[in-house]
Amino acid sequence: MINFKEKVIDLIIQEVDSLTRDEIAASIEIPPSYDMGDYAFPVFKLSKIFRKAPNLIAEDLASKFVNSDYFEKIENKGPYLNFFIDKSKLVETVIEEVLSKGDGFGSSKLGEGKTVIVEYSSPNIAKPFHMGHLRTTVIGNALYKIYKFLGFNTIAINHLGDYGTQFGMLISAYKKWGDKEVIEEDPINELLKLYVRYNEEAEEKPELKDEARYWFKELENGNQEAYELWSWIREVSLKEFNRVYDMLNIKFDSYAGESFYSDKMQRVLDELNEKNLLEESQGAYLVDLEEYGMPPALIKKSDGSTLYTTRDIAAAIYRKETYDFYKNIYVVASQQNLHFQQWFKVVELMGYEWAKDCIHIPFGMVSLEDGPLSTRRGRVVFLEDVLNKAVESTLEIINERNPDLENKKEVAKQVGIGAVIFQELFNQRIKDYVFSWERTLSFDGETGPYVQYTHARANSLLERGSFNIGDQVDINLLLSEDEIDIIRMIYDFPGVVMDAMEKNEPFFITRQIVELAKGFNKFYHNAQIIVEDEELRKARLLLTYLVKNTIKVGLGLLGIEAPNKM
Ligand code: ARG
């Protein structure tokens with residue numbers, strides 16, 4: 001696709017050899033509205049070089065740039081040069097690019113030869129997979145897809161919380177009160193009950209705490225009984241989690257969770273010791289971080305068991321050695337900011353230069369309309385229930401709006417789940433937000449169903465108008481304002497995907513496709529698409545196709561399906 005910004009630079013650099021391309025690129029602005037041009041270049045920087053007032057420099061340059069193949073107009077306005085893209089060139093290049101790249105529109109080979117790890121979701125086994133896990137799961141999945149689309153070798157890791165002293169508690173509780181069959185019926189709820197009961201009884205009988213510690217040590221020591229129980233707990237939990245991942249259409253390349261690193265901890269301890277970073281404090285070991293304004297990182301408890309932080313350090317070293325990552329990304333709630341700052345620092349102090357390539361991608365909290373989500377007060381909202389409810393409610397809506405739709409159940413699934421994902425990815429990730437059923441499932445406004453519906457509408461127009469992808473089209477028929485607005489948004493799409501990658505913010509894509517859907521619906525409202533005039537019809541159908549394709553690619557990057565009918 002023609003890069004018009006590069007063309008602006010080409011022009012400027014011909015006249016101004018004292019600035020580099022990068023310097024020029026950094027100065028180029030996007031004017032607030034298109035009647036001021038597509039790009040603006042402020043000439044202030046040049047006044048020293050040319051020893052003239054900026055206004056005069058702009059005037060002078062504008063007069064030199066009269067004939068350009070890529071711009072229909074280059075105007076000076078005060079100290080600015082404003083560049084207006086040649087619209088037929090724009091339409092032509094967009095059409096060519098979308099038709100030739102199809103599903104790969106916006107993709108690139110930028111990341112070739114580089115490996116990016118995206119660690120996300122990472123729930124704790126034997127605990128509910130609840131609403132609070134939705135954000136890491138869908139943000140992580142979108143980032144995974146975006147990096148892949150840009151050519152990176154991408155690895156999705158689910159760093160399951162499958163280790164730690166709480167498993168000593170569970171093993172001990174199971175040995176006292178557990179019933180295998182009951183648990184297999186409803187694993188998470190039953191295991192949770194055991195856990196809660198154990199904690200309650202331990203308040204009266206402190207010896208239970210010792211027993212739990214004992215069992216965790218046994219697990220760490222490889223005791224057969226402890227190991228088998230733990231591994232069964234992991235298996236039944238994962239089975240439940242996988243139901244949710246299947247609904248979301250998510251697959252991981254690795255489920256190496258915390259337990260995976262249990263035999264890789266000693267090395268971390270030894271290394272920290274050798275590098276003189278470890279300090280003893282009342283029988284426990286830690287790395288002092290006072291100098292960096294942080295509390296110490298706890299590495300080993302006084303009873304000898306290792307900790308969450310230690311496992312993260314071991315995991316990062318393992319990942320570097322196994323995958324030689326270019327970036328190692330952690331999509332984890334902002335409550336864990338300090339945890340990540342601490343152990344990133346420890347890895348840096350250990351002398352690993354790749355510490356800087358470990359990136360924590362935090363996000364804000366989700367709450368429900370009637371209050372916060374809290375596990376302790378028993379207001380656990382299972383993610384699976386939310387997804388099921390979304391699918392059921394969507395099915396009801398379809399039954400009202402389009403009762404004869406084929407594949408109703410499948411479409412309800414695609415739309416219901418898509419709606420939930422879309423809502424999650426609609427805002428900047430760091431913002432806290434309130435989950436609203438009404439907003440999520442609405443077919444109007446800035447929602448997933450609205451965008452999917454626009455896609456389906458485009459599809460049905462293409463079918464009704466017998467669109468043929470090979471048809472020659474007269475570009476001059478696509479130059480009015482509504483059409484150009486749409487074309488511009490499509491032109492911008494690859495750049496938006498890049499921004500989403502660079503800032504690790506899928507919401508850029510979400511916003512772009514909502515705007516595109518709105519633009520298309522406006523066009524659809526103002527102009528008929530399937531018209532008598534064959535040339536006009538072909539041109540408008542082609543535009544419809546470009547929109548459909550871009551929405552589909554965008555939804556796909558977010559992990560959302562694009563049904564053809566709904
Ligand atoms: N299991 C943890 C939790 O549910 C999240 C793990 C985050 N990842 C990590 N490498 N620490 O809070």
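The structure displayed is predicted, hence computed values, not measured ones. (Residues numbered from 1 in each chain as written. Predicted model: local features only at pLDDT ≥ 70, side-chain atom pairs only at ≥ 80, totals over all residues. Heavy atoms only, no water.)

Draft legend 1. Molecular detail of the sheet that holds strand E7 (residues 284–287). Pairing within the open sheet is antiparallel, and its three strands lie in the order E6-E7-E8. Of all strands in the sheet, those bounded by a partner on one side alone are strand E6 (278–281) and strand E8 (297–300). Across the sheet, the mean angle from the axis of one strand to that of its neighbour is 40°, orientation sign disregarded. Here three bridges tie E7 to E8, and the two strands are oriented antiparallel to one another. In the sheet register, Leu 286 faces E8, and the bridge partner there is Leu 298. (Pairing = 2+ DSSP bridges. Helix = DSSP H or I, 4+ residues; strand = E, 2+ residues; numbered from the N terminus. Axes fitted to C-alpha atoms, helices over the stretch in contact; angles between N-to-C directions.)

Draft legend 2. Layout of the site of the ligand. Around the ligand, the surrounding shell consists of Glu 119, Ser 122, Asn 124, His 159, Tyr 308, Asp 312, Tyr 330, Val 332, Gln 336 and Phe 340. Within the side chain of Glu 119, one N or O atom sits 2.8 Å away from a nitrogen atom of the ligand. Measuring from a nitrogen atom of the ligand, one finds a backbone N or O atom of Ser 122 at 2.9 Å. Contact with the protein chains hides 86% of the accessible area of the ligand, taken as 350 Å² for the molecule alone. Counted by class, the shell around the ligand contains four nonpolar, four polar and two charged residues. (Near = heavy atom within 4 Å. Polar contact = N/O pair within 3.5 Å; in protein donor to acceptor, adjacent residues only side chain to side chain. Areas by Shrake-Rupley, 256 points an atom, 1.4 Å probe, with all protein chains shown as cover. Nonpolar A, V, L, I, M, F, W, Y, C, P; charged D, E, K, R; others polar.)

Draft legend 3. Just the sheet that holds strand E9 (residues 327–331), in detail. Sheet architecture is open: four strands sit in the order E5-E4-E9-E10, paired in parallel fashion. Each of the sheet's edge strands pairs with one partner strand only, and the pair in question is strand E5 (153–157) and strand E10 (358–361). Geometrically, the sheet is characterised by an average inter-axis angle of 20° between neighbouring strands, direction not taken into account. Across four bridges, the pairing between E9 and E10 is parallel. What sits directly across from Asn 328, in E10, is Cys 358. The strands touched by helix H14 (residues 337–349) are E9 and E10; relative to E10, the strand with the most contacts, the crossing angle is about 175°. (Contact = heavy atoms within 4.5 Å.)

Draft legend 4. Highlighting the packing of helix H10 (residues 207–221) against helix H11 (residues 224–248). Viewed as axis vectors pointing N to C, H10 and H11 meet at an angle of 95°, and their least axial separation amounts to 8 Å. With respect to each other, H10 and H11 are oriented roughly perpendicular. Contacts between H10 and H11 involve Trp 215, Glu 218 and Leu 219 from the former and Glu 225, Ala 226, Tyr 227 and Trp 230 from the latter. When the residues that make up the contact of H10 with H11 are grouped by side-chain class, the tally is five nonpolar, no polar and two charged. (Parallel < 35°, antiparallel > 145°, perpendicular 65-115°, else oblique.)

Draft legend 5. Structural detail: the layout of surface pockets. Here the second largest pocket is characterised by a volume of approximately 830 Å³. Around the second largest pocket, the lining comprises 30 residues; the ones closest to its centre are Asn 3, Tyr 39, Tyr 491, Asp 492 and Gly 495. Examining the composition of the lining of the second largest pocket, we find that seven residues originate from one element, helix H19 (residues 481–502), more than from any other. In the lining of the second largest pocket, the residues fall into 15 nonpolar, seven polar and eight charged. (1 Å grid on protein atoms, 1.4 Å probe; cavity = no way out; pocket = protein on both sides within 12 Å on 5 of 7 lines; lining within 4 Å. Points joined across faces, edges and corners; volume = space filled by probe spheres on them.)

Draft legend 6. Molecular detail of helix H1 (residues 4–15). Between the first and last C-alpha of H1 there are 18 Å, a value that for twelve residues agrees with the 16 Å anticipated at 1.5 Å per step. The set of residues buried in H1 consists of Phe 4, Val 8, Ile 9, Leu 11 and Ile 12. For H1, the arc enclosing every buried residue in end-on projection is 160°, short of the 170-degree limit, so these residues lie on one face. Between the side-chain oxygen of the N-cap and the backbone nitrogen of Lys 5 there are 3.2 Å, and the N-cap of H1 in question is Asn 3. (Expected span 1.5 Å × (residues − 1). Buried < 20%, exposed > 50% of the residue type's maximum accessible area, 1.4 Å probe, protein only. Arc of directions from axis to C-beta.)

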